[in-house]
Amino acid sequence: MCGIAGYRTFEGDALKLGRELTHALNALRHRGPDDEGAWFDDEDNAGLGQRRLAIVDLSRHGHQPMVSACGQWVMTYNGEVYNFRELRRQLEQLGHCFPGSGDSEVILAAFSQWGLEAVSRFIGMFAIALWHKPTRQLHLLRDRLGVKPLYYHWDGKRLLFGSELKALHAFRSWHPQIDPQALADYLRYGYVGAPRSIYRDVFKLPPGHRLVLDAEGILRTHRYWNVIDCVHDRRHGRSEDDLADELEALMLDAFRYRMIADVPVGVFLSGGIDSSVVAALLSKQGGDDIKTYTIGFDVPEFDESGHAAAVARHLGVENHVLMCKVEDAKRVLPRWGDLYDEPFGDESGIPTLMVSQAAAAHVKVVLSADGGDELFSGYNSYTTALSQWSRIKGMPQGFRSLSAAMINGSGTDALEGFLAARGHPLPRRLHASVSQLVRIGRRVGARGVGEIFDESVAHFKREELQVLCGRQAMTRETADAFPGEDGEKLCLWDLHNYLPGDVLAKVDRATMAVGIEGREPMLDHRLVEFAFSLPFEMRRGPLGSKHLLKKVLYRHLPRQLVERPKQGFAVPVKRWLQGDLAYLIDEHLEPGAVARQGLFDPVVVQGYVKRLRAGDVSVQQRVWLLVAFQMFFRRWMEAP
């Protein structure tokens, strides 16, 4: 696991960029404290660099950037390709020799042997930069699900790239500017989704894509993997027990791969379905020395540590529990803008960092069970959206459109948003009636389940964004653009948006910040392909959401240990904003500073603050998102 950075320029400023690459690597030191390397092509004005966290092959043979034996390819790489031993055997039969024991030299030899199509043979997580000397081309590749991050800036003359945005800040020739549309996207969803970043002309390489910048300065991207292909290839005619057997075998293989390391490995355990199935299968297959790590909260309704402890006791594994209190949030939040160097509104990043710190005291690799909800339709938001859509989809579209137009045409939504944002909310009873009317109007007028779902996961209404920052977030297609059944569309939307943009970014930054590697066993692409080839009733069936996954888990754990209402990784930060963390509002949303910044209407911002302090809990999330953005802005746009 590492941090990578580099450049390719057509302006003749390679010497300057070469010096700045050193600063970019220093900015990524937390991602790789064990080693540093850089490679330059002065003739073609290209440079690659890496900071290394040694996990497999701790020797000098893992040093990067790495030049291929044939001399044609140079690579810098962040991640792990777990099936490298099988690839190594295939390549040795083709005449390749390997002095070390790690995956980097195998990956590079694979590109030498099979070209860029070698990526289809990899099982793992990765962000890779390749320089091909004969064609003078720079290639960037990102893993299928987006576990590892990769940003790039392209202005038509130079390309800069890095594992995190802080690496790009080290290149002084780049002058960051906020992208207003990305800002609206963040406020609506709580994160900036690919391919955008918060900055103009800076992009995230989407998962499952590769990029090439050729010798003439033409940049192209190409999708090399698409989970949607599996939706059209159903596993019909198979018994449920056979499918459960196949799922269990796939998980065992995927989980074993993620245990490959020359350093100790641990598991994050929440006590929910996903983390419990990871811990259960590993412990049942000889993982008696597994260490699990759990975060708890001193606010009872947010605390699931007791459930995790019960699972750990049943499995006989060593469980470490860390309690998160408001004092811990006070220690973490001053680092928020640096930790997430893009606006990030998922407050569960606080306990994720804390549990990563606890694990770092004992292990250098930790497994996180993210992805189960997207693969097996587990989120409560799916249940709500599907239920609402089932009640209205049978109505004639013409009738629904007319009803919605009549409700929305009354202007209640615009009036409510305008008044409430300025601190003059409607009377409570009238407010409840108006809000209910607006929700009915939006729901009745929806043309598909995706529109209902989009409104349910959005934090700011589009009209509110227009008033707050003069722009609506219109960057994403709804789930209705995806194929399959209604429930499947929601899973696919989250797999392409929420999972890489929020969940995986959170785990990557938190684990890398403390010098450990986070691995995602549920996101083995073979498991993902299997899940999306299942008939949907195997994901939502008699056992509820995650039907087939539960069927496998209940073979190894008593049902009563994990069967309870889904809680999610909730954190009481928004409640704390009305108490112990109220100072953050005064510090970051001061009207004068907001006005000078020029991004938000300060009157509207203060309207939300007044509503929160008057006890209106409906605006907690909006205020938190504004505070989180300001922490980012102060760190990266105001700092000298």
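In what follows, the structure referred to is the one given above.
Below is a summary of the structure that appears in this document. (Residues numbered from 1 in each chain as written. Predicted model: local features only at pLDDT ≥ 70, side-chain atom pairs only at ≥ 80, totals over all residues. Heavy atoms only, no water.)

**Points about the overall build of the protein**
Here comes step 1: Helix and strand counts for the protein stand at 29 helices and 19 strands.
Here comes step 2: Here the protein, with 640 residues, has 61% of them falling under the buried criterion.
Here comes step 3: Look at the contacts in the protein between residues 6 or more apart in sequence, and 73% of them connect residues 24 or more apart.
Here comes step 4: Of the roughly 24,000 Å² that the protein leaves accessible, carbon and sulfur atoms contribute 50%. (Helix = DSSP H or I, 4+ residues; strand = E, 2+ residues; numbered from the N terminus. Buried < 20%, exposed > 50% of the residue type's maximum accessible area, 1.4 Å probe, protein only. Contact = heavy atoms within 4.5 Å. Areas by Shrake-Rupley, 256 points an atom, 1.4 Å probe, with all protein chains shown as cover.)

**Some thoughts on the side chain of Glu 488**
Here comes step 1: Among the structural elements, Glu 488 can be located in helix α20 (residues 486-496).
Here comes step 2: Its relative accessible area of 0% is what places Glu 488 among the buried residues.
Here comes step 3: Beyond its immediate stretch of four places on either side in the chain, Glu 488 contacts Val 231, Arg 234, Pro 483, Phe 532, Phe 536 and Arg 539.

**Quick notes on unusual backbone geometry**
Here comes step 1: Going from Gln 64 to Pro 65, the amide bond is cis rather than trans, its omega being 0 degrees.
Here comes step 2: Position of Pro 65 among the secondary structure elements: in the loop between β3 (46-52) and β4 (66-67).
Here comes step 3: The linkage connecting Ala 194 with the following residue, Pro 195, adopts the cis geometry, with an omega of 5 degrees.
Here comes step 4: One can find Pro 195 in the loop between α5 (180-189) and β10 (202-204).
Here comes step 5: Phi angles above zero are rare outside glycine, and Lys 546 is one such case at about 60 degrees.
Here comes step 6: The residue Lys 546 is located in the loop between β19 (544-545) and α23 (547-553) in this model.

**A word on the packing of aromatic side chains**
Here comes step 1: A complete count under the given rule lists 22 aromatic pairs for this structure.
Here comes step 2: Both rings, one in Tyr 189 and one in Trp 493, keep their centres 5.7 Å apart while their planes meet at 45 degrees; by these two values the pair is tilted. Taken together, the residues span a long stretch of sequence, with Tyr 189 in helix α5 and Trp 493 in helix α20 at a distance of 304 residues.
Here comes step 3: Of the residues examined, Tyr 189 reaches a relative accessible area of 7% and is grouped as buried.
Here comes step 4: A relative accessible area of 2% places Trp 493 in the buried class. (Phe/Tyr/Trp six-rings, centres within 6.5 Å; stacked < 30°, edge-to-face > 60°.)

**Describing the sheet that holds strand β5 (residues 73-81)**
Here comes step 1: With antiparallel pairing, the six strands of this open sheet are ordered in space as β4-β5-β6-β7-β11-β12. Looking at the sheet topology across the chains shown, the edges are occupied by β4 and β12 (219-223).
Here comes step 2: The pairing of strand β11 (residues 209-213) with β12 spans five bridges and is antiparallel. Across the sheet, the residue bridging to His 209 is Arg 223, located in β12. (Pairing = 2+ DSSP bridges.)

**With respect to the pairing of strand β15 (residues 318-324)**
Here comes step 1: For strand β14 (residues 291-297) and β15, the ladder comprises seven bridges, and the chain directions are parallel. Paired with Gly 296 across the two strands is Met 323, which belongs to β15.
Here comes step 2: For the crossover from β14 across helix α9 (residues 305-315) to β15, the handedness is right-handed. (Right-handed = clockwise from strand over helix to strand, strands pointing away.)

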